[in-house]
Amino acid sequence: MISRREFVQVALATAALAAGAGGTATRAFAQQKLTEKELLAFEPLGNVTLVHVTDIHGQLMPLYFREPSTNLGVGDAKGQPPHITGRDFLARFGVAPGSSAAYALTSEDFEALAKTYGQIGGLDRAATVIKAIRAERGDRVVLLDGGDTWQGSWSSLQTRGQDMIDCMALLKPDAMTGHWEFTYGTERVKQAVDALGFPFLGLNIRDTEWNEPAFEASTTIERGGAKIAVLGQAFPYTPVANPRWMIPNWSFGVREEDVQAQVDKARKAGADLVVLLSHNGFDVDRKLASRVRGLDVILTGHTHDALPEAVKVGKTLLIASGSSGKFVSRLDLDVRDGEVKAYRYKLIPLFSDVITPDAQMAAKIAEVRKPFAAELGRALGRTETLLYRRGNFNGTFDDLICQALLQERDAEIALSPGFRWGTTVMPGQDITFEDVTNATAITYPAVYRMGMTGARLKEIIEDVADNLFNVDPYYQQGGDMVRIGGMSYAIDINKPQGQRISDMRLIKTGAAIDPSREYQVAGWASVNEGTQGPPIWEVVSSYLQRQKTIRLEPNRAVKVTGV
Amino acid sequence: MGAINRRQAFLLGGGLVALTLMPMTADAEPSNDAAELIKKFTGGKEAASGKISLDLPEIAENGNTVPLSLTVDSPMTADNYVKEVLFVADGNPNGGVATLMFSPLSGKAEASIRIRLAQTQNVIAVAKMSDGSLFTERKTVKVTIGGCGG
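Residues numbered from 1 in each chain as written. Chains lettered and ligands numbered in written order. Predicted model: local features only at pLDDT ≥ 70, side-chain atom pairs only at ≥ 80, totals over all residues.

### Some thoughts on the overall build of chain B
As a reminder of what qualifies: Only DSSP runs of H or I covering at least 4 residues are called helices, and only runs of E covering at least 2 are called strands; the numbering of each starts at the N terminus. Placing C-beta atoms from the backbone, we regard two residues as in contact once those atoms come within 7 Å.
A count of helices and strands for chain B gives one helix and nine strands. Traced from its N-terminal end to its C-terminal end, chain B shows the element sequence β-α-β-β-β-β-β-β-β-β. Expressed as a percentage of contacts within chain B between residues at least 6 apart in sequence, the contacts between residues at least 24 apart total 73%.

Laid out in structure tokens, this is it:
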């Protein structure tokens, strides 16, 4: 038996606000007291409880994860959640600065608050929370996994997601959908999905040859006397944002009309509640909710947003449950006469020092990690400054990766993808092989080195910028902005494609990028088949072992306007 | 990317009677002839919006073979049917994509083809009905370099 900690009295934190945030210096609130009971506290409502986890990205253990300080919205999404960060976020949702919620949800005071509140997440903590909800709500509970579950760690990469599949199986999800799951390739996905024991949904996936459905579109679940239709929407741009050659027979897309058709079909079949388990990304789901009729709930994913309140679009509730195993979402619904009469929502942050780990899950996690434990724990270097990834334009972990690319591959310019996953390393900590692979463990890791003209570079950067800042979310394709080492630039996010990027310069010399000159560029995660080069984790590991100590100053290479 | 001077359209069935490939010209012009082709097809008459449903991806997975499905709302009877649908793409070296011919015997005015798109651009469909009325619909398809998503 695990002895249950009634509560953890967390330590006093008085560190000043991190430099650069500007304006008022806040002080972290002292003597915050958190208990498991408080974290789980929820006045039950209605006859259905939806429990949602998403974008766990292979993270089985508690971790640090700094939420973005820059997350800009364009068009209708400008200034709307989730495109609010820092103090604006705290004000919008009435979260006290320095509180545990402020730490879980924003980047404000992150370093100081991380010392106070410790690591978050761990699937054994999630298991405790989910078991507690089930114990309380019995047959009213539906557990749904929004995908990006099987990828994002070394053990996931080495086992092709089996570590996560085995651990998640203990939670008995009712359905899941996916995105990075597909980067294990057609055969592995088919095999894993067949053995899953619950439906892997993707109403928007068709076979490329006959344009016929390739995955189950929906599943119907009876809970609390209500007939619940769960529709699944995989990431619409998987074959664009990730290697299409790995899944040549599957075609994706937003397929709004197919979503509507599935909703209509479910309603006709007598569904009292229609839920879209989505990996569209929040802005796409917001638009979808405004155009598709009859959706009660969209459980959003992909963009890793953690929102403490449901966002209502028409009659549809949008839930954003964060990423990296930091949160479990609980949505209680009063479903009667084929509609939602009332709801209550809580985004439960999994403070790892407060929530008792579930013993069964903890044992399973230890078992799946055991073959890799020694290499994962290997210290490669040490950081004096915070290493994080999330944010629209840069993160210090990506700056580290770009530095490694420039030096280890003797390049002038480095390109690193704007992935949203990847864990945070605190100042003074060792950088382990696990930290490096948490930011790099993908099935197409080759580091290429090639000549690119200045004109081609601009074309690539413009292309990626449009994937992020196209005013129509249906035309937004992927992650955050590509990270660039060795080169500075200015971006006006409100301009159309081709006109956003200007003032591209080599940082070393300050010289403007010449459209006709060829530059030596190193990068990784190319979606092209047959890309040659060493895996990125080797390149970063070798750099770290040479450097030993990392100290990264704030990145000022990107000048952003049009905000 | 090399200049694209061939278009491929694949007939995938669905009530289609005839598929006519547009005549090809050798040289890619910077601004293409899409507008002229529409003008020629409509005889300069204004086409109304509506009736046409165009299923195209917002972002192409592969610009070399983009699936396009067309449905025109029509009873397809002897005195009320879709005669012809013109497809043009305004950002390809040549604007012409395909012309689909229908008759009352088609039963439905539906078709699926695959088209090639050299870059991000609009695909425009214009339908000519048996009474001479014209309808049009357009959709922007983004063709990206790809990568960096996640």
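So much for the structure itself; the text now carries on.
### Re the interface of chain B and chain A
For clarity, the cut-off: Each residue gets one label: Ala, Val, Leu, Ile, Met, Phe, Trp, Tyr, Cys and Pro are nonpolar, Asp, Glu, Lys and Arg are charged, and the others, such as Gly, are polar.
With 15 residues of chain B in contact, the opposing surface of chain A contributes 29 residues. For the side of chain B that touches chain A, the class distribution of residues is five nonpolar, seven polar and three charged.

### A short note on the environment of Ile124 of chain B
Residues and elements named next belong to chain B. Tracing the backbone through its elements, the reader meets Ile124 in strand β8 (residues 121-129). As a C-alpha pair, Ile124 and Leu54 span 70 residues in sequence and 9.0 Å in three-dimensional space. With residues up to four places along the chain from it excluded, the contact list for Ile124 reads Ala34, Ile38, Val88, Asp90, Thr136 and Arg138.

### Looking at the sheet that holds strand β4 (residues 66-72) of chain B
Residue and element names in this part refer to chain B. Defined as follows: In this analysis, strands are considered paired if DSSP registers two or more bridges between them. The angle between two axes is taken between their N-to-C directions and runs from 0 to 180 degrees, where each axis is a line fitted to C-alpha atoms and a helix contributes only its stretch in contact.
Pairing is antiparallel across the open sheet formed by three strands, whose spatial order is β3-β4-β7. In the strand order of this sheet, the two ends are held by β3 (52-55) and β7 (109-115), each with one partner. In this sheet, adjacent strand axes meet at a mean angle of 15° when their direction is disregarded. Here β4 pairs with β7 via seven bridges, running antiparallel. Note that in β7 the partner of Val66 across the bridge is Ile115.

### Concerning the environment of Glu36 of chain A
All names here are of chain A. Under the convention used in this document: As a rule, residues whose C-beta atom has 12 or fewer other C-beta atoms within 10 Å are exposed, those with 20 or more are buried, and those in between are partly exposed; C-beta atoms are placed from the backbone.
With respect to the secondary-structure elements, Glu36 resides in helix α1 (residues 36-40). Taking the number of C-beta atoms within 10 Å as the measure of exposure, Glu36 has 20 and is therefore buried. The spacing of Glu36 and Ser99 is 63 residues in sequence and 16 Å in space, taken between C-alpha atoms. Apart from residues no more than four positions distant in its own chain, Glu36 is found in contact with Val354, Ile355 and Thr356.

### Digging into the sheet that holds strand β17 (residues 339-349) of chain A
Whenever strands of a sheet pair, they do so through backbone hydrogen bonds, lying parallel or antiparallel. Residues and elements named next belong to chain A. With mixed pairing, the five strands of this open sheet are ordered in space as β7-β6-β3-β16-β17. Of all the strands in the sheet, the pair left with one neighbour each is β7 (175-176) and β17. Note: strand β16 (residues 327-336) against β17, ten bridges, orientation antiparallel. Residue pairing for β17: Arg330 is matched across the bridge by Lys346. Contacting β3 (48-53), β6 (141-145), β16 and β17, helix α5 (residues 123-137) crosses the sheet at an angle of about 175° to β3.

### Here's the deal with the confidence of the model for chain B
Residues and elements named next belong to chain B. Worth spelling out the cut-off: As a per-residue measure, pLDDT tells how confident the predictor is, with possible values from 0 to 100.
Averaged over all residues, the pLDDT of chain B is 82; the fraction at 70 or higher stands at 77%. Element-level mean pLDDT values for chain B span from 39 in strand β1 (residues 18-20) up to 98 in strand β5 (residues 82-89). Taken as a whole, residues 1-30 scores under 50 in pLDDT and shows 56 contacts with residues more than four places along the chain or in a different chain. The ipTM value of the predicted complex is 0.86, and its pTM value is 0.90.

### Things to note about the packing of helix α14 (residues 396-408) of chain A against helix α17 (residues 536-547) of chain A
All names here are of chain A. Under the convention used in this document: To sort the angles, those under 35 degrees are grouped as roughly parallel, those over 145 as roughly antiparallel, those from 65 to 115 as roughly perpendicular, and the leftovers as oblique.
Their axes nearest at 9 Å, the elements α14 and α17 cross at an angle of 85°. By the angle class used here, α14 and α17 are roughly perpendicular. Note on element contacts: α17 touches α14 through Val539, Val540, Ser542 and Tyr543, opposite Ile401, Gln403, Ala404, Leu405, Gln407 and Glu408. When its residues are assigned to classes, the contact of α14 with α17 shows six nonpolar, three polar and one charged.

### Some remarks on the confidence of the model for chain A
Close inspection of predicted coordinates is inappropriate for parts of the model with low pLDDT. Averaged over all residues, the pLDDT of chain A equals 93, while 94% of them reach at least 70. Of the regions scoring below 50 in pLDDT, residues 1-32 of chain A engages in 52 contacts with residues more than four places distant in sequence or in other chains.

### A closer look at helix α12 (residues 359-369) of chain A
Residues and elements named next belong to chain A. Short version of the rule: Picture the helix axis, draw a direction to every C-beta atom, and the arc is the one those directions span.
All of the buried residues in α12 are Met361, Lys364 and Ile365. Projected onto a plane normal to the axis of α12, the buried residues spread over an arc of 100° and lie on a single side. For α12, the exposed residues lying more than 90 degrees away from the buried face are Ala363 and Glu367. In this structure, the buried residues of α12 make contact with α5 and α7 (162-171).

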